[in-house]
Amino acid sequence: MNLMQLDISKKTAYLGLFTVLALAFSYLETLIPLNFGIPGIKLGLSNTVILCLLFLFSFKEALIVNIARILLSGFLFGNMYGILYSLAGGIVSMLAMWLAKRCKLFSIYGISIAGGVFHNITQLVVAAFVINNLKISMYGPVLIISGFVTGLIVAYISKFILKSVETYVRL
Amino acid sequence: MKRYDFYLAGAVILIALAWFLLNVNKEQGTKVCVYINNTLVNTLSLSDDGEYFIGDKDMPIISYTISNGKLDVKYSDCPDKLCVHQKAISKSSESIVCLPNKVMFLIEGSVSNEFDAIGY
């Protein structure tokens, strides 16, 4: 199967479906009150979709779907601040995952961990700028570890999805 | 998993640990600085027990309490309530931030002698 060789209309349809899937995951996550005793930490389920796209298509497609997902879920379930944070985190984590994939040193686990950690660090940096105070950096280690753990979980799920897609999906 | 995955994992955990170690051993603070939009609007001592409000007392934007030398946010009108869920703070340079309202509580000062740092 080679998704890169799909014609443009088929590709558009597939990317639309992936966007909806990512959006559904985003919504699903707002329904599950994951409370680890620390505010602001979530699983990042929609990142499984983005990670799979990065492997099935390329950086460009994954980035487009991610930005569409962030804007839509922000307008539907969030607020302007949420969009700002998610966009910054989303774009930087995409770049981190893309670089990690390009250098060919890491497996899907390493790529996903890089994405998760950079996502959280970016949001902390943006928060530090909005508040204009670096003292909220107390949060740093918590966010790094949570990005690490969620990155691992996302990679584990994505691996199953990619395996099934390669086995069962005929385009 | 590849070999470099483990290197990455190790590096991430080490950085988090180093960052954490830089932050522990904080000392009990003495006062609370309340910032709105980055301007200091109020300074309270951590020994001034009581309930305080930002905004109108009957319809507050945020209400917070100081008791037993700890500051806790009790109510906020923001949508996510992250600041309310956060635990009470008391140690120097700890903070509670409410991003939607652009409010920050910062603990400052330390109980011990300030000249400790230059003692030989």
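For the structure, see preceding data.
Okay, so let's go over this structure. (Residues numbered from 1 in each chain as written. Chains lettered and ligands numbered in written order. Predicted model: local features only at pLDDT ≥ 70, side-chain atom pairs only at ≥ 80, totals over all residues. Heavy atoms only, no water.)

Now for the overall build of chain B. Along chain B, the regular secondary structure elements total two helices and seven strands. Contacts in chain B between residues at least 24 apart in sequence constitute 36% of all its contacts with a sequence separation of at least 6. By element, 57% of the accessible surface of chain B is carried by carbon and sulfur atoms, the whole surface being about 7,300 Å². (Helix = DSSP H or I, 4+ residues; strand = E, 2+ residues; numbered from the N terminus. Contact = heavy atoms within 4.5 Å. Areas by Shrake-Rupley, 256 points an atom, 1.4 Å probe, with all protein chains shown as cover.)

Each partner contributes residues to the interface: chain A has 30 residues there, and chain B has 28 residues. Both faces considered, chain A and chain B share a buried interface measuring about 2,600 Å² in area, 74% of it formed by carbon and sulfur atoms. Linking chain A to chain B there are zero salt bridges. Between the two partners, chain A and chain B, sit two residue pairs in polar contact (both at pLDDT 80 or more). Elements that contribute at least two residues to the side of chain A that touches chain B include exactly helix 4 (80–102), helix 5 (108–131) and helix 6 (140–168) of chain A. No other element matches the nine residues that helix 5 of chain A contributes to the side of chain A that touches chain B. Residue composition of the side of chain A that touches chain B, by class: 20 nonpolar, eight polar and two charged. (Buried area = accessible area lost by both parts, 1.4 Å probe. Salt bridge = Lys/Arg side-chain N within 4 Å of Asp/Glu carboxyl O. Polar contact = N/O pair within 3.5 Å; in protein donor to acceptor, adjacent residues only side chain to side chain. Nonpolar A, V, L, I, M, F, W, Y, C, P; charged D, E, K, R; others polar.)

The next thing to look at is the environment of I61 of chain B. All names here are of chain B. Along the chain, the position of I61 falls in strand 4 (residues 60–67). For I61 and C78, which are 17 residues apart along the polypeptide, the C-alpha to C-alpha distance reads 8.0 Å. In this view, I61 contacts I54, G55, Y75, S76, D77 and N101; residues no more than four positions away in its chain are not counted.

Now for the nonpolar core. Counting residues in each nonpolar core, the largest one holds 27 residues, and the members touching the most others are L53, L54, F57 and I111 of chain A. Taken together, the elements giving at least two residues each to this core come down to helix 1 (8–31), helix 2 (46–56), helix 3 (59–77), helix 4, helix 5 and helix 6 of chain A. (Core = buried A, V, L, I, M, F, W, Y, C linked by side-chain atoms within 4.5 Å. Buried < 20%, exposed > 50% of the residue type's maximum accessible area, 1.4 Å probe, protein only.)

Now for the pairing of strand 4 of chain B. Residue and element names in this part refer to chain B. Where burial is concerned, most of strand 4 is hidden: six out of the eight residues are buried. As defined by bridge partners, strand 3 (residues 50–55) adjoins strand 4 across six bridges and the pair is classed as antiparallel. Each bridged residue has a counterpart across the sheet, and for G55 the counterpart in strand 4 is P60. Taken together, strand 3 and the strand that follows it, strand 4, pair antiparallel across an intervening segment of four residues. Pairing of strand 4 with strand 5 (residues 70–76) involves six bridges; the strand directions are antiparallel. Among the inter-strand pairings, Y64 is bridged to a residue of strand 5, identified as V73. Hairpin remark: strand 4 followed by strand 5, antiparallel, with two residues in the connecting loop; positive phi at N68, about 50°. (Pairing = 2+ DSSP bridges.)

Residues and elements named next belong to chain A. In the contact formed by helix 3 and helix 4, the axes pass within 9 Å of each other and the chain directions differ by 165°. Judged by the angle between their axes, helix 3 and helix 4 are roughly antiparallel. Crossing handedness for the pair helix 3 and helix 4: right-handed. When helix 3 is examined against helix 4, the residues F59, A62, L63, N66, I67, I70, L71, G74 and F75 are found in contact with a partner set consisting of M80, I83, S86, L87, G90, I91, M94, L95 and W98. (Axes fitted to C-alpha atoms, helices over the stretch in contact; angles between N-to-C directions. Parallel < 35°, antiparallel > 145°, perpendicular 65-115°, else oblique. Left-handed = near helix turned anticlockwise from the far one by under 90°.)

Here T48 of chain A lies in helix 2. Those residues in contact with T48 of chain A that sit more than four places away from it in its chain are F25, V154, I157 and S158 of chain A.

Scanning the model with the defined rule gives two salt bridges over all chains in all. Here K11 of chain A and E61 of chain A are joined by a salt bridge, their closest N and O atoms 2.6 Å apart. Remark: E61 of chain A occurs in helix 3 and K11 of chain A occurs in helix 1; sequence separation between them is 50 residues. For E61 of chain A, a relative accessible area of 2% gives the class buried. A salt bridge links D72 of chain B to K74 of chain B; its shortest N-O distance comes to 3.3 Å.

Moving on to the side chain of S26 of chain A. All names here are of chain A. By secondary structure assignment, the location of S26 is in helix 1. At 3.2 Å, the side chain of S26 and the side chain of R69 are in polar contact. The contact partners of S26, leaving out residues within four places of it in the chain, are S46, R69 and S73.

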